[in-house]
Structure formats: structure tokens, C-alpha cells
Amino acid sequence: RKVLMRIAVGSDHAGYEDPPPYYKPEIVEYLMSLGIDVVDCGTDSAASVDYPDFARKVCASVLCGAAECGILICGTGMGIGMAANRYPGIRAAVCATPDMVFLARDHNDANVLCLGKRVLTLDQCKAFVDLWLKTPFGGGERHQRRIAKLG
Ligand code: RB5
């Protein structure tokens, strides 16, 4: 099997929140169906956990090069996105519309996509993943300059 890329995926218990579908395993399976290697950083059940712990695992995978980018899921995407953006070099984007996904890649060269289980349907999440994967960083001096200022 030709591996196109590696993506680290993590969630808190919202990734296994009833009623099914369970977003974390569904998104892992979806990525694998696209030929993407997944670094599954957990969690693996509905037991209550703390989103910063899973943000840390995914960010570590991205920063060490084990994965090219990351996908994080919590109830809203916000808590886990706040946690991810504490790590220099991580540009985590909480996305709630297709435009946000497109611009996160095109302008911000975001390397972590944050999704809210209680905000988006699973089909919307999959569509966001498709758009994320096919949208390159637009580049350009002004965007490069601003990203450089993020540190
Ligand atoms: C967990 O109940 C919930 O607070 C968390 O998943 C997330 O939405 C936080 O931002």
C-alpha cells in the first residue's frame, strides 16, 4: 500500500460520545480509506479524559515529523485547539465552515485541524478533511511574514 502521508489524530472523550457515530474512530477509518497512514494518539473510549493530554500527543507527533499534520476532536474543537496552540510551531485551526478550512491552509499554513463533535456532523468533518488535504499553503510573502511572526 502506497502511503500518501501520515496524519496524527487525537480526541478527548467527545470522540466517543453517544449516540454513534463515534467521530474519532470514524475519522481514523476515513483517513485510512484514503490511503493515509494514521498515528492514532487516542483516546480510545468514552471514559472522561483531559483534552490537553491528547493535544500534546498529536502536537508531539507533528513537531517530531512522525506526522505531517494533525487532526484533533473535542466537543467544540476549541479546548483542544487552545491546548495545541501552546506549542511553538503548531498552528491549530478550529474550523466550523469550509471557508475556515480553506483559509486555514491557504493563508495560515495550519498544521492541525480542530473539529467540534457537538458542532459538526460527521459528514461535515469528512468534507473538511477532504478540503484540508487538497488545499496547499498559498504562500506569498505577506503570509510567510505573518506566520514567521507567530514564532
Ligand atoms: C468535554 O466535555 C468538553 O468540554 C470538551 O470536549 C471540549 O468541548 C472542550 O473544549
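To be clear, the structure that these remarks concern was listed above.
Residues numbered from 1 in each chain as written. Predicted model: local features only at pLDDT ≥ 70, side-chain atom pairs only at ≥ 80, totals over all residues. Heavy atoms only, no water.

Novice: It is not clear to me how the pattern of salt bridges should be interpreted in this structure. Could you clarify?
Specialist: Any two side chains of opposite charge can pair, on the condition that their charged atoms come close. Taken as a whole and assessed by the stated rule, the structure comprises nine salt bridges. Glu17 is the salt-bridge partner of Lys117, the closest N and O atoms lying 3.4 Å from each other. You can see Lys117 sitting in the loop between strand E5 (112–116) and helix H5 (122–134) and its partner Glu17 sitting in the loop between strand E1 (6–11) and helix H1 (23–33), a full 100 residues away along the chain. Overall, Lys117 belongs to the buried group, its relative accessible area being 12%. A single salt-bridge network, built from bridges that share partners, covers Glu17, Lys117 and Arg118. (Salt bridge = Lys/Arg side-chain N within 4 Å of Asp/Glu carboxyl O. Helix = DSSP H or I, 4+ residues; strand = E, 2+ residues; numbered from the N terminus. Buried < 20%, exposed > 50% of the residue type's maximum accessible area, 1.4 Å probe, protein only.)

Novice: Hey, could you run me through the sheet that holds strand E3 (residues 69–74) in this one?
Specialist: Paired through their backbone hydrogen bonds, the strands of a sheet run either parallel or antiparallel. Sheet architecture is open: five strands sit in the order E2-E1-E3-E5-E4, paired in parallel fashion. With one partner strand each, in any of the chains shown, strand E2 (37–40) and strand E4 (92–94) form the two edges of the open sheet. Strand-to-strand, the axes of this sheet are offset by a mean angle of 25 degrees, without reference to chain direction. In this structure, E1 lies alongside E2, joined through four bridges in parallel fashion. Within E2, the position partnered with Ala8 by the bridge is Val39. Here helix H2 (residues 51–63) sits on the sheet in contact with E1, E2 and E3, set at roughly 170 degrees to E3. Lying over the sheet, H5 contacts E1, E3 and E5, oriented at roughly 165 degrees with respect to E5. (Pairing = 2+ DSSP bridges. Axes fitted to C-alpha atoms, helices over the stretch in contact; angles between N-to-C directions. Contact = heavy atoms within 4.5 Å.)

Novice: Can you help me understand the pairing of E3 in this one?
Specialist: The side chains of a regular strand alternate between both faces of the sheet. Where burial is concerned, most of E3 is hidden: six out of the six residues are buried. Here E3 shows no split at all, with Cys69, Ile71 and Ile73 on one side and Gly70, Leu72 and Cys74 on the other all buried. As judged from the five bridges shared by E1 and E3, these two strands associate in the parallel manner. Among the inter-strand pairings, Ile7 is bridged to a residue of E3, identified as Cys69. When E3 meets E5, the two strands line up parallel, connected through five bridges. Looking across to E5, one finds that Ile71 is bridged to Leu113.

Novice: Looking at this structure, I do not really get the side chain of Thr135. What am I missing?
Specialist: Inspection of the secondary structure puts Thr135 in the loop between H5 and helix H6 (141–150). Classification of Thr135 as buried rests on a relative accessible area of 5%. Separated by 2.5 Å, the side chain of Thr135 and the backbone oxygen of Leu131 make a polar contact. In this structure, Thr135 is in contact with Phe102, Arg105 and Asp106, ignoring residues within four places of it in sequence. (Polar contact = N/O pair within 3.5 Å; in protein donor to acceptor, adjacent residues only side chain to side chain.)

Novice: Help me out: how do you make sense of the site of the ligand in this one?
Specialist: Around the ligand lies a shell formed by Asp12, His13, Ala14, Tyr51, Cys74, Gly75, Thr76, Gly79 and Arg118. Interatomic distance of 3.4 Å between a side-chain N/O atom of His13 and an oxygen atom of the ligand. Within the contact set of the ligand, an oxygen atom lies 2.9 Å away from a backbone nitrogen or oxygen of Gly79. (Near = heavy atom within 4 Å.)

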